[in-house]
Amino acid sequence: MIKSIKGMNDILPDDVHKWHSVEDKARYIFELYGFSEIRTPLLEQTELFARTIGEDTDIVGKEMYTFVDKNDTSVTLRPEATASVLRAVIEHSLLNQDSIQKLYSMGPMFRYERPQKGRYRQFHQINVERLGEAGPLCDAETIAMAYDLVDAIGLKNITLEVNSLGCQKCRPVFRKQLKEFLQEKRDMLCKDCSRRIETNPLRVFDCKETACQEAIKDAPRIEDHLCGACRRHFNDLLQTLDALGIPFHKAPRLVRGLDYYVRTTFEIKAEGLGTQNAVAGGGRYDGLVKALGGPDAPGVGFAFGMERAIMLMKEARPVNKGCFVVIQGGREIYRSAMVLISDMRSSGLQAQAVFEKSMKSQMKRADKLGYLVCAIIGETEVAKDMVTIRDMRTSSQVQVKRALAINKIKEMLA
Ligand code: AMP
């Protein structure tokens, strides 16, 4: 038997309603905030990710699904969405048409990670990118939108962590101090972190190794090294979150796994997910559009992990708001019933039947699929131009004129 690839999951019909529910809520909320959807290809040139995410990140260093295509071009299955969306924005000159772009997208991402609960090799994200505004109010509103989504899905005991990573001006000063601190602790650090002291010392904050976490317990805090402008940005953000009634914690070690963040970073965690407890994360990435060859437009965004949210959703399967048509008789009766089913669908009523089964097994199927209403068509009904309508909850039945049947069923389901 051929099985799915490790870390890549099927989403089965019994669960898909949860996916629809999350997607619908995201679309509804994002459109309330004035965002529009953008869809980009799953495959991009490898260089796009190497240049944006950062060479010394786990994603680029170890986790990308990269291969050479038939044209000898190195291509990669997207490990995240920001790079692709920015590439599309630049390629289609969207910022020339409107200097503010509020975009969202949804779909699968690919990372060759070690699979475990809440961590897969193909997983799905909802992504938000907001370009053209540099201020802290924009960050606060973007975080509020992420928070609204997590709240609308009904996740419990949510915590929002916020940090500032400073800017090109203050981060190098902090980096230098951190580097000096880490050099003293080199013996305690894992091999990767030992290397990161030179290449990317902030990344050590992200390491999951207990020894590394222990080593950085007393590390300098970036918040204490922010320049005046970054400090004002951060304070303004926190005050605005307060004003919007969004509770948060400051998380001085929150650097996140991508290199492009400046100033604001944030993460939303939810209870009940074990170690992989982050459901959404993001931050500000001024400079990234320019680095990719576009205009100097600032940006902020986040990614929301669908699998983790769905794992926590208690949502029951919705009741079936359509009509199951039970048919008994010869070919003529079936054809007459199929015309009625077609009329039902034309009027927007979901309808289905199974053909050439016993009455009992048709009823059983209607029940199994959760239909609240059945329409029964047999020889008597066709002869009298009537339809028998059965309320599955009470087992009561009425006969109505065929021309009135659809409205009657809709009334019963309303
Ligand atoms: P990131 O793109 O790494 O900032 O992650 C954003 C969100 O995507 C995380 O908070 C998770 O909810 C989700 N996520 C990231 N990596 C995975 C993965 N391998 N499997 C499942 N969800 C993931």
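Note that the coordinates shown come from a computational prediction; the quantities given were computed from them, not determined experimentally.

Summing up its helical and strand segments, the chain has 16 helices and 16 strands in all. With the C-alpha coordinates of the chain rotated into their principal frame, the extents come out at 90 × 50 × 40 Å. Scored against the burial criterion, the 414 residues of the chain give a buried share of 53%. Sequence-distant contacts in the chain: of pairs separated by 6 or more residues, those separated by 24 or more amount to 68%.

Moving on, we get to the sheet that holds strand 3 (residues 65-68). Paired through backbone hydrogen bonds, the strands of a sheet run either parallel or antiparallel to each other. The three strands lie next to each other as 2-4-3, forming an open sheet whose pairing is antiparallel. Since the sheet does not close on itself, it has two edges, and those belong to strand 2 (43-45) and strand 3, each with one partner. The sheet shows a mean angle of 35 degrees between the axes of neighbouring strands, direction not considered. Alignment of strand 2 against strand 4 (residues 74-77), held across three bridges, turns out to be antiparallel. What sits directly across from glutamine 45, in strand 4, is valine 75. On top of the sheet, helix 2 (residues 46-53) reaches strand 2, strand 3 and strand 4; it is set at about 75 degrees to strand 2, its chief contact.

Under the definition given, this model contains eight aromatic pairs. Put simply, the rings of Phe30, Tyr104, Phe266 and Phe302 pair up and form one aromatic cluster. Directly above the aromatic system of tyrosine 112 lies the positively charged group of arginine 121, at a separation of 3.8 Å from the ring centroid.

Time to look at the sheet that holds strand 14 (residues 371-377). If you trace the five strands from one edge of the open sheet to the other, you get 13-12-14-15-16, paired in mixed fashion. The open sheet terminates on both sides in strands that have one partner only, identified here as strand 13 (351-352) and strand 16 (396-401). Note: strand 12 (residues 320-327) against strand 13, two bridges, orientation parallel. Along strand 13, the bridge assignment pairs cysteine 323 with alanine 351. The strands that helix 14 (residues 359-368) touches are strand 12, strand 14 and strand 15 (386-391); relative to strand 12, the one it contacts most, it runs at about 175 degrees.

Here the focus is the nonpolar core. Most often, soluble globular proteins keep nonpolar side chains buried together rather than apart. Phe30, Ile126, Leu155, Leu160, Val162, Ile268 and Phe304 are the most contacted members of the largest nonpolar core, which has 91 residues in total. For this core, the element with the highest residue contribution is helix 6 (residues 136-153), accounting for nine residues. Discounting residues that sit within four places of it in the chain, leucine 160 has contacts with Ile143, Tyr147, Leu241, Ile246, Pro247, Phe248, His249, Phe266, Glu267 and Ile268. Listed in part, the 24 residues of the second largest apolar core include Ile327, Ala351, Ala375 and Ile406.

With that out of the way, let us pick up unusual backbone geometry. Most of the time, phi is negative for any residue but glycine, and the peptide bond is trans. Even without being a glycine, asparagine 157 presents a positive backbone phi close to 45 degrees. Looking at the secondary structure, you find asparagine 157 in the loop between helix 6 and strand 7 (159-164). Its identity is not glycine, yet arginine 263 carries a phi of approximately 55 degrees, on the positive side. Here arginine 263 is to be found in strand 9 (residues 262-269). A relative accessible area of 18% means that arginine 263 is categorised as buried.

This brings us to the site of the ligand. Every one of the 14 residues lining the ligand counts as a neighbour, but Arg111, Glu113, Tyr120, Arg256 and Ala278 are closest to it. At 2.9 Å, a backbone N or O of tyrosine 120 approaches a nitrogen atom of the ligand. Between the ligand and the protein, one listed contact pairs an oxygen atom with a backbone N or O atom of glycine 305 at 3.5 Å. Isolated, the ligand exposes 480 Å² of accessible area, and the fraction of that covered by the protein chains is 91%. Contributing elements (two or more residues each) for the shell around the ligand: strand 6 (122-131), strand 10 (278-284) and strand 11 (299-305). When the residues that make up the shell around the ligand are grouped by side-chain class, the tally is six nonpolar, three polar and five charged.

Here helix 7 (residues 171-184) crosses helix 8 (residues 191-199) at 145 degrees, and the two axes come no closer than 9 Å. Seen from above, helix 7 lies across helix 8 with left-handed handedness. Counting all contacts with helix 7, which are made through Arg175, Lys179, Leu182 and Gln183, the residues of helix 8 involved are Ile197, Glu198 and Thr199. The class makeup of the residues in the contact of helix 7 with helix 8 is two nonpolar, two polar and three charged.

Below, the discussion takes up the domain arrangement of the chain. Taken domain by domain, the chain consists of domain 1 (13-170 + 226-312) and domain 2 (320-413). Inter-centroid distance (C-alpha atoms) of domain 1 to domain 2 is 48 Å.

In this model helix 1 (residues 13-32) runs 29 Å from its N-terminal to its C-terminal C-alpha over 20 residues, within 8% of the 28 Å that 1.5 Å per residue would give. Among the residues making up helix 1, those that are buried are His17, Lys18, Trp19, Ser21, Val22, Ala26, Ile29 and Phe30. Buried positions along helix 1 lie against strand 5 (101-110), strand 6, helix 6, strand 11 and helix 12 (306-312). Positive backbone phi, approximately 85 degrees, marks glycine 34, located one or two places after helix 1.

Further remarks concern the side chain of glutamate 381. Within the secondary structure layout, glutamate 381 lies in helix 15 (residues 379-384). For the buried residue glutamate 381, which engages in no salt bridge, the nearest side chain bearing the opposite charge is lysine 384, 7.2 Å off. Looking at glutamate 381, its side chain comes within polar contact range of the side chain of threonine 388, at 2.5 Å. Once residues within four sequence positions are removed from consideration, glutamate 381 is found in contact with Ile376, Met386, Val387, Thr388 and Gln399.

Basis of the calculations
- Residues numbered from 1 in each chain as written.
- Predicted model: local features only at pLDDT ≥ 70, side-chain atom pairs only at ≥ 80, totals over all residues.
- Heavy atoms only, no water.
- Helix = DSSP H or I, 4+ residues; strand = E, 2+ residues; numbered from the N terminus.
- Buried < 20%, exposed > 50% of the residue type's maximum accessible area, 1.4 Å probe, protein only.
- Contact = heavy atoms within 4.5 Å.
- Pairing = 2+ DSSP bridges.
- Axes fitted to C-alpha atoms, helices over the stretch in contact; angles between N-to-C directions.
- Phe/Tyr/Trp six-rings, centres within 6.5 Å; stacked < 30°, edge-to-face > 60°.
- Lys NZ or Arg CZ within 6 Å of the ring centre and 35° of its normal.
- Core = buried A, V, L, I, M, F, W, Y, C linked by side-chain atoms within 4.5 Å.
- Near = heavy atom within 4 Å.
- Polar contact = N/O pair within 3.5 Å; in protein donor to acceptor, adjacent residues only side chain to side chain.
- Areas by Shrake-Rupley, 256 points an atom, 1.4 Å probe, with all protein chains shown as cover.
- Nonpolar A, V, L, I, M, F, W, Y, C, P; charged D, E, K, R; others polar.
- Left-handed = near helix turned anticlockwise from the far one by under 90°.
- Domains from an automatic or database assignment.
- Expected span 1.5 Å × (residues − 1).
- Lys, Arg positive; Asp, Glu negative; His and termini not counted.
- Salt bridge = Lys/Arg side-chain N within 4 Å of Asp/Glu carboxyl O.

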